[in-house]
Amino acid sequence: MATQTTPARVFALADLHEGLTATVPFTVSAAQMQAFAELSGDFNPLHTDDAFARAKRFDGAVVYGALMVAKVSQLIGMQLPGRDSVWASLALDFRKPLYVGQAAEVEGTVTGVSASTGMVALRLAVRADGKVLAKGTAEVLLVA
């Protein structure tokens with residue numbers, strides 16, 4: 001069982017407003033890439049073989065998009081809107097690759113809150129080195 005090191009934030013729907021932002025910094029390690037390859041069964045050498053990826057004009061092994069989505073999950077479930085939330089939808093467009101060992105961050109910004117449905121709309125961005133690697137949206141149900 002995984003150990004939680006930081007408690008999840010807890011927001012009441014009334015505390016959420018447009019413009020509220022949270023950020024989760026992260027770096028994907030080679031060990032995490034290997035664990036994901038084993039879990040998913042996706043051993044595409046663009047993700048698992050640095051030399052192969054370089055031969056295809058990348059700067060190294062490309063982080064699985066699903067691992068960036070996992071960081072969106074951390075943002076939603078732990079930061080914004082936090083503990084009492086569950087995804088309703090997620091759309092993420094990948095623009096540039098993230099590389100193993102490269103520092104990045106995922107940012108979520110509240111773009112709408114519906115008191116009648118309990119839905120919270122988020123704008124998402126994954127960035128590294130000042131560049132947007134992925135962007136998108138999420139709709140999250142606050143179940144408090």
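Preceding this section is the structure that the text describes.
All values reported here derive from a predicted model rather than from experimental measurement. (Residues numbered from 1 in each chain as written. Predicted model: local features only at pLDDT ≥ 70, side-chain atom pairs only at ≥ 80, totals over all residues. Heavy atoms only, no water.)

Draft legend 1. Just the overall build of the chain, in detail. A count of helical and extended segments in the chain gives four helices and five strands. With respect to the three principal axes, the spread of C-alpha positions in the chain is 50 × 35 × 20 Å. By the burial criterion, 35% of the 144 residues in the chain qualify as buried. Here the analysis covers contacts within the chain between residues at least 6 apart in sequence; of these, 66% occur between residues at least 24 apart. Accessible surface, the chain: about 8000 Å² in total, of which carbon and sulfur atoms supply 53%. Both charge centroids of the chain, one from 12 positive and one from 13 negative side chains, sit 6 Å from each other. (Helix = DSSP H or I, 4+ residues; strand = E, 2+ residues; numbered from the N terminus. Buried < 20%, exposed > 50% of the residue type's maximum accessible area, 1.4 Å probe, protein only. Contact = heavy atoms within 4.5 Å. Areas by Shrake-Rupley, 256 points an atom, 1.4 Å probe, with all protein chains shown as cover. Lys, Arg positive; Asp, Glu negative; His and termini not counted. Charge placed at Lys NZ, Arg CZ, Asp CG, Glu CD.)

Draft legend 2. Examining helix α4 (residues 65–79) more closely. If you check α4, its first and last C-alpha atoms are 21 Å apart, about what 15 residues at 1.5 Å a residue would give, namely 21 Å. Where α4 is concerned, the buried positions are Leu67, Met68, Val72, Leu75 and Ile76. For α4, the elements touching its buried residues are β1 (21–27), α1 (30–40), β2 (85–94), β3 (103–113), β4 (119–128) and β5 (131–142). (Expected span 1.5 Å × (residues − 1).)

Draft legend 3. Local environment of the pattern of salt bridges. Evaluation of the coordinates by the stated rule reveals three salt bridges. With a shortest N-O distance of 2.9 Å, Asp84 and Arg83 are connected by a salt bridge. Taking the relative accessible area as the measure of exposure, Asp84 reaches 16% and is therefore buried. Linking Arg127 and Glu107 is a salt bridge whose minimum nitrogen-to-oxygen distance equals 3.3 Å. Highlighted residues: Arg127 in strand β4 and Glu107 in strand β3, separated in sequence by 20 residues. (Salt bridge = Lys/Arg side-chain N within 4 Å of Asp/Glu carboxyl O.)

Draft legend 4. A look at α1. Considered for burial, the residues of α1 that qualify are Met33, Phe36 and Ala37. Across the axial projection of α1, the buried residues extend over an arc of 105°, all falling on one side. Turned more than 90 degrees from where α1 packs its buried face, Ala31, Glu38 and Leu39 sit exposed. In the segment just after α1, Gly41 is the residue with positive phi, at about 80°. (Arc of directions from axis to C-beta.)

Draft legend 5. Examining unusual backbone geometry more closely. Note that the residue after Leu80, namely Pro81, is joined by a cis bond; omega there is 5°. At Arg57, a position not held by glycine, the phi torsion is positive, near 75°. Within the fold, Arg57 resides in the loop between α3 (50–55) and α4. Unusually for a residue other than glycine, Asp129 sits at a positive phi of about 50°. On the secondary structure map, Asp129 appears in the loop between β4 and β5.

Draft legend 6. Summary view of the sheet that holds β5. Reading across the sheet, the five strands line up as β1-β3-β4-β5-β2 and stay open at both edges, with antiparallel pairing between neighbours. Both edges of this open sheet fall to β1 and β2, since each of them pairs with a single strand only. Across the sheet, the mean angle from the axis of one strand to that of its neighbour is 20°, orientation sign disregarded. Sheet topology note: the β4/β5 ladder contains ten bridges and is antiparallel. (Pairing = 2+ DSSP bridges. Axes fitted to C-alpha atoms, helices over the stretch in contact; angles between N-to-C directions.)

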